[in-house]
Amino acid sequence: MGMGIEVRNRMARRAAEEIAPGMVVNLGIGIPSLVPNHLPQETRVMFHAENGIVGMGKSPEKGLEDENLCNAGGFPVTVMEGSSYCDSAVAFGMIRRGRVDLTILGSLQVSQKGDLANWIVPGKKVPGMGGAMELAQKAGKVAVLMNHTDKNGVPKIVESCTLPLTAKNCVDIIITDLAVFKIHEGSLILSELFAPHTVNEVTAKTACDFSIVEDIRIIEY
């Protein structure tokens, strides 16, 4: 069963806390695309899309979409004052040169050491890896937004990824519908819980060992 919009927005709101003024931020499709809706109005950042937009804004209201404006996933977007357009070669050049400060991606699995597997389930048809490999390797910081388990209840945070890797040792923070983990020097650390979820629940749904900070944060919003 998929997550409700309230849960997805809560995750996006927490991810927005990772964004500092002046950053260039790349957003993946799905939950990451909700992040701009949760930034304070005074926070000035430039959202980047691989198809050639720098300066995306909030999602358009229903009925106000511009058919000529979309993100890399083909979903409608708005643009902010001062935004610019470029071809995909320039957009990818920004990524490969390390000009993207933060990327917020979805994932199929993340290992306890920060390995990322987010582009294919073997045997299923997909259009390709897209920009995930470049972003995972070259962005200044990698944040993952995903369900804690898949639709069958199988944990997505694992000791070692069983799906084909996108990149190794690249993930810095994982935000799920249950909790927030940080990865530091190859160690997985539980730092925050979304109320009303508990450490025991997170432990039962995580397929690897992790440590817990002493002053764990409980996110009430």
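Positions within a chain are numbered from 1, following the residues in the order the chain's sequence is written. The predicted origin of the model limits local features to residues at a pLDDT of at least 70 and limits the giving and counting of side-chain atom pairs to 80 or more, whereas totals for whole chains, interfaces and linings rest on all residues. Excluded from the side-chain calculations are hydrogens and water; all other atoms, namely the structure's heavy atoms, are used.

1. Quick word on the pattern of salt bridges
Then, in step 1: By convention in these notes, a salt bridge is any Lys or Arg side-chain nitrogen within 4 Å of a carboxyl oxygen on Asp or Glu. Considering all chains together, one arrives at eight salt bridges under this definition.
Then, in step 2: With a closest N to O distance of 2.9 Å, E17 and R217 form a salt bridge. Residue E17 is found in the loop between α1 (5–16) and β1 (24–27), and its partner R217 is found in strand β13 (residues 211–219); the two are separated by 200 residues along the sequence.
Then, in step 3: Working definition: with a 1.4 Å probe on protein chains only, accessible area under 20% of the residue-type maximum means buried, over 50% means exposed, and in between means partly exposed. According to the relative accessible area criterion, E17 is partly exposed, its value standing at 40%.
Then, in step 4: Residue R217 is classed as partly exposed on the basis of its relative accessible area, which comes to 31%.
Then, in step 5: In this structure, E134 and R96 form a salt bridge, with 2.7 Å as the shortest nitrogen-oxygen distance. With E134 in helix α3 (residues 132–138) and R96 in helix α2 (residues 88–96), the pair connects residues that are 38 residues apart, well separated along the chain.
Then, in step 6: A relative accessible area of 13% places E134 in the buried class.
Then, in step 7: Since its relative accessible area comes to 48%, R96 is described here as partly exposed. The secondary structure listing takes helices from DSSP runs of H or I that are at least 4 residues long and strands from runs of E that are at least 2 residues long, numbered from the N terminus.

2. Side note on the sheet that holds strand β11 (residues 179–184)
Then, in step 1: Ordered in space as β4-β3-β2-β1-β5-β8-β10-β11-β12-β13, the 10 strands form an open sheet in which the pairing is mixed. Where the open sheet ends on each side, the last strands, each with one partner, are β4 (79–85) and β13. Taking the axes of each pair of neighbouring strands and ignoring which way they run, one obtains an average angle of 20 degrees across the sheet.
Then, in step 2: The sheet contact formed by β11 and strand β12 (residues 187–194) spans six bridges and is antiparallel. Across the sheet, V180 pairs through a bridge with E192, a residue of β12. Note: two strands are recorded as paired if DSSP finds a minimum of 2 bridges between them. Note on geometry: axes are C-alpha line fits, over the in-contact stretch for helices, and angles between N-to-C directions span 0 to 180 degrees.

In short, geometric facts, not functional conclusions.
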